[in-house]
Amino acid sequence: MAIKTDRHALEAHISPTIAANTKRLLLSDLVSSDKIDQVPSNYIRPISQRPNLQNVYHDHTIPLIDLHDLSTPNRSHVVQQIGRACRDYGFFQVKNHGVPESTISNMMNIAREFFKLPEEERLKTYSDDPTKTTRLSTSFNIRTEKVANWRDFLRLHCHPLHDYIHEWPTNPEAFRDHVAEYCRSARGLALVLVEAISESLGLERDYINRQLGNHGQHMALNYYPPCPQPDLTYGLPGHTDLNLITILLQDEVPGLQVLRNGNWVAVDPVPNTFIINIGDQVQVLSNDKYKSVLHRAVVNCEKERISIPTFYCPSRDAVIGPASELVSGDEPAVYRQFTYGEYYDKFWNRGLATENCLDMFTVTSSSS
Ligand code: OGA
Ligand code: NI
């Protein structure tokens, strides 16, 4: 890769540790410094695993649910819609969700500003250790994966806020304020959704929230640079989310696709809505009534894309298993009990492998 003149210009401004690295730590810096017109070989998927972008459905989508009526006598109607979406799709969009537009735009703008900071500024939080509670990294898990993904990401733990906020970046200056405000608001929405999901399963409204120990909340700021050959690689390959529910904020650039009846369906952005998907922990708690669905992020040649998932989850010590009300002689428990910490560690150690992490926690699994 021809980087000679750029490299000299850059070396004058960046710290010796970064300059000593001939290999860029972050994809965004590789893309912007080397002006690459081909995907480097470590990002190329074997032919059988490529995204096959011509075969994606663009005329189907996931349900859009208006949450306004959750606080009216019509609540049960909304709960039913949520239950149906969880059962049939594993995914839905929400409007009238209660997160102010200004909170959303501040969050998106600060994420965009963060990824535009100079390399040495962003790299202050760089780490490839998935146990770090605040870290900037690239791909998915570079310690375990064989093929890299076309993504950089900043991952933050954000509940309880006061345990983590001191680790967060202070540049851009408003980062902590805007992100904390967004986290509080997204948490409010998560609690409301988890109540509705609990009710839709015929459980007490607060049943699931009571299973989550002290609760946890993580988020990712995903940055997908433009990609010269988007049909050879992924932003994120097909995976399920390991947490309880995910609240995804995305900018105006499409990229998310959801597996439905064996076909990939594009979920294009709708302004001021969130995309909600249930994760592995809801699949376990519901004893397989609701399925944690495969989804992926693809990239495109022209535009960078930012997406910001909030991963609502149990705390590490919370014990998760199928709700006893949903287990019977006809429907025996599919999963054994485990702590969320055990699940979390197994998920990250396995990388984003194609096999489902849930399989390691079934009652019949020998690997437990
Ligand atoms: C994720 C994810 C989708 C997207 O971060 O788990 O599925 O559109 N992201 O970025
Ligand atoms: Ni995901």
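Fair warning: this is a prediction, and the values are worked out from it, not measured in the lab.

Draft legend 1. View of the overall build of the protein chain. In terms of helices and strands, the protein chain carries eleven helices and 14 strands. If you line up the protein chain on its principal axes, its C-alpha atoms span 70 × 45 × 40 Å. Relative to its 368 residues, the protein chain shows a buried fraction of 55%. For the protein chain, the accessible area works out to roughly 16400 Å², and carbon and sulfur atoms hold 50% of it. Both charge centroids of the protein chain, one from 36 positive and one from 44 negative side chains, sit 3 Å from each other.

Draft legend 2. Region of interest: the coordination of the nickel ion (ligand 2). Each protein donor to the nickel ion (ligand 2) is listed here as His239 (NE2), Asp241 (OD) and His295 (NE2); together their distances run 2.1 to 2.2 Å. Each donor residue of the nickel ion (ligand 2) belongs to the same chain, with the gaps between them written as H-x1-D-x53-H. Placement of aspartate 241 in the loop between β6 (236–239) and β7 (245–250) and of histidine 295 in strand β11 (residues 295–297) is noted, with a sequence separation of 54 residues between them. The pair formed by aspartate 241 and histidine 295 is uniform in burial state, with each residue classed as buried.

Draft legend 3. Representation of the sheet that holds strand β5 (residues 216–224) within the structure. The sheet built from eight strands is open, its strands ordered β1-β2-β10-β7-β12-β5-β4-β3 with mixed pairing. One side of each edge strand has no neighbouring strand; the edge strands of this open sheet are β1 (64–66) and β3 (134–138). The mean inter-strand angle of the sheet, taken between neighbouring strand axes irrespective of direction, is 25°. In terms of strand pairing, β7 meets strand β10 (residues 274–278) through four bridges, oriented antiparallel. Each residue of the ladder has a partner; that of isoleucine 247, found in β10, is isoleucine 276. Along the sheet, helix α4 (residues 75–88) makes contact with β1, β2 (91–95) and β10, crossing β1 at roughly 160°.

Draft legend 4. View of the pairing of strand β4 (residues 152–159). Most of β4 sits out of view: eight of its eight residues are buried. As judged from the five bridges shared by β3 and β4, these two strands associate in the antiparallel manner. Each residue of the ladder has a partner; that of leucine 136, found in β4, is leucine 154. Taken together, the seven bridges between β4 and β5 define a ladder with antiparallel strand orientation. Directly across from arginine 155, in β5, lies its bridge partner alanine 220.

Draft legend 5. Quick peek at the site of ligand 1. In the region of ligand 1, 13 residues are neighbours, and Tyr224, His239, His295, Arg305 and Ser307 sit closest. Separating an oxygen atom of ligand 1 from a side-chain N or O atom of histidine 239 is a distance of 3.1 Å. Between an oxygen atom of ligand 1 and a side-chain N or O atom of serine 307, the distance comes to 2.6 Å. For ligand 1, whose free accessible area comes to 290 Å², the fraction covered by protein is 95%. Elements with a contribution of two residues or more to the shell around ligand 1: β5, β6, β11 and β12 (305–313).

Draft legend 6. Summary view of the UniProt feature "domain: Fe2OG dioxygenase" (unreviewed entry) in the protein chain. Here the UniProt feature "domain: Fe2OG dioxygenase" (unreviewed entry) sits at residues 215–314. Within the segment residues 215–314, helix and strand shares are 6% and 45% respectively, and the terminal C-alpha atoms sit 5 Å apart.

Draft legend 7. Region of the structure containing the pattern of salt bridges. Within the structure shown, the criterion is met by 16 salt bridges. A salt bridge links aspartate 29 to arginine 122, with the nearest nitrogen and oxygen atoms 2.6 Å apart. Residue aspartate 29 is located in helix α3 (residues 27–34), and its partner arginine 122 is located in helix α6 (residues 119–122); the two are separated by 93 residues in the primary sequence. The pair aspartate 29 / arginine 122 is uniform in exposure class, with both members buried. Among the charged side chains, a network of salt bridges with common partners joins Arg75, Glu199 and Arg205.

Conventions used here
Counting from 1, residues in each chain are numbered in the order their sequence is written. Starting at A for chains and at 1 for ligands, labels are handed out in the order in which the entities are written. Totals for whole chains, interfaces and linings use all residues, but because this is a predicted model, local features are given only for residues with pLDDT of at least 70 and pairs of side-chain atoms are given and counted only at 80 or more. Neither water nor hydrogens contribute to the side-chain values; these are computed over all heavy atoms in the structure. Helix numbers and strand numbers start at the N terminus; a helix is a DSSP run of H or I with at least 4 residues, a strand a run of E with at least 2. Think of it in three bands: residues with accessible area under 20% of the maximum for their type are buried, residues over 50% are exposed, and the middle band is partly exposed, with areas taken using a 1.4 Å probe on protein chains only. The protein chains shown are the only cover counted for residues, whose accessible areas, like all others here, come from Shrake-Rupley with a 1.4 Å probe. We count Lys and Arg on the positive side and Asp and Glu on the negative side, and we leave His and both chain ends out. A charge is said to be at NZ when it belongs to Lys, at CZ for Arg, at CG for Asp and at CD for Glu. Here a donor is any nitrogen, oxygen or sulfur atom (N, O, S) within 2.8 Å of the metal, with 3.2 Å used for Na, K and Ca; water is not among the atoms considered, so some sites may look incomplete. We call two strands paired when DSSP finds no fewer than two bridges between them. Here the axes come from fitting lines to C-alpha atoms, over the contacting stretch only for helices, and the angles between their N-to-C directions go from 0 to 180 degrees. Whether two residues are in contact is decided by their heavy atoms, any of which lying within 4.5 Å being enough. Nearness of a residue to a molecule or strand requires only that one of the residue's heavy atoms be within 4 Å of it. Throughout this description, a polar contact denotes any pair of N or O atoms lying within 3.5 Å of each other; where both atoms belong to protein, one of them has to be capable of donating a hydrogen while the other can accept it, and for residues adjacent in sequence the pair is counted only when both atoms sit in side chains. UniProt positions are given in the numbering used here, feature names are shortened, and annotations may be inferred rather than shown by experiment. Basic side-chain nitrogens of Lys or Arg form a salt bridge, by our definition, when they fall within 4 Å of a carboxyl oxygen of Asp or Glu.

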